[in-house]
Amino acid sequence: MKKVLLPLALGSLMLSAAPANAQAATAWNAQTLSTARYAILAPQIQGNPNLLSAEQRAGILAAMGRDSAGAIKRRYPGATIVADPNAPGVIKVSPILIAPGALVPWAKLTARLDFDLPAGRRVTVQDQFGLLTLWQHQHDAANFLYDQLVQRLP
């Protein structure tokens, strides 16, 4: 019992002793995120992008940018998507897909959204999705994937 309470007490003491981080911590909550301004940065495919043709990669990258912005707007209807990532107070969002080593039905693809907050903090949400599951969603796969990721946001 003492071993459990000590880390909890130390953790709460550290939170109350760090007023400089209080603003950064409060910036990551549903109220702030629901009215924030977001800039979607250039999407990236990491891992083994050579599994796809150049045309397929271009289509996927376009869908990643469009559908990650759409998922944020569906999650937070009061949010604004802006074009200028250097505007003051903008949360920069980097959509990233990590391709598997091979295109086999049991392979998994990792999808990630990196949120760079104006205060300099980075928050990442990610999940793995089976290729078979994404194939079942066909042209709506990116929408499905990003809708699942943004559900993890506060």
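The structure this text deals with has already been given above.
Model, not experiment: these values are computed from the prediction. (Residues numbered from 1 in each chain as written. Predicted model: local features only at pLDDT ≥ 70, side-chain atom pairs only at ≥ 80, totals over all residues. Heavy atoms only, no water.)

**Some details on the overall build of the protein chain**
Link 1 in the chain: Scanning the protein chain from N- to C-terminus turns up six helices and six strands.
Link 2 in the chain: Put simply, the protein chain runs from its N terminus to its C terminus through helices and strands in the order α-α-α-β-β-α-β-β-β-β-α-α.
Link 3 in the chain: Residues counted as buried form 33% of the 154 residues belonging to the protein chain.
Link 4 in the chain: Contacts in the protein chain between residues at least 24 apart in sequence constitute 61% of all its contacts with a sequence separation of at least 6.
Link 5 in the chain: Carbon together with sulfur atoms contributes 60% to the accessible area of the protein chain, which is approximately 9200 Å² in total. (Helix = DSSP H or I, 4+ residues; strand = E, 2+ residues; numbered from the N terminus. Buried < 20%, exposed > 50% of the residue type's maximum accessible area, 1.4 Å probe, protein only. Contact = heavy atoms within 4.5 Å. Areas by Shrake-Rupley, 256 points an atom, 1.4 Å probe, with all protein chains shown as cover.)

**Let's talk about the side chain of Ser68**
Link 1 in the chain: Tracing the sequence through the fold places Ser68 in helix α4 (residues 54-75).
Link 2 in the chain: Once residues lying within four places of it in the same chain are set aside, the contact partners of Ser68 are Ile40, Ala63, Pro95, Leu113 and Tyr146.

**Side note on the pairing of strand β5 (residues 108-116)**
Link 1 in the chain: The buried fraction of β5 is high, at seven of nine residues.
Link 2 in the chain: As paired elements, strand β4 (residues 90-98) and β5 share seven bridges and run antiparallel to each other. The residue of β5 that forms the bridge with Ser94 is Asp114.
Link 3 in the chain: Across nine bridges, β5 lies against strand β6 (residues 122-130) in antiparallel orientation. The residue of β6 that forms the bridge with Thr110 is Gln128.
Link 4 in the chain: Between β5 and the antiparallel strand that follows it, β6, lie five residues; Gly120 among them carries a positive phi value of about 100 degrees. (Pairing = 2+ DSSP bridges.)

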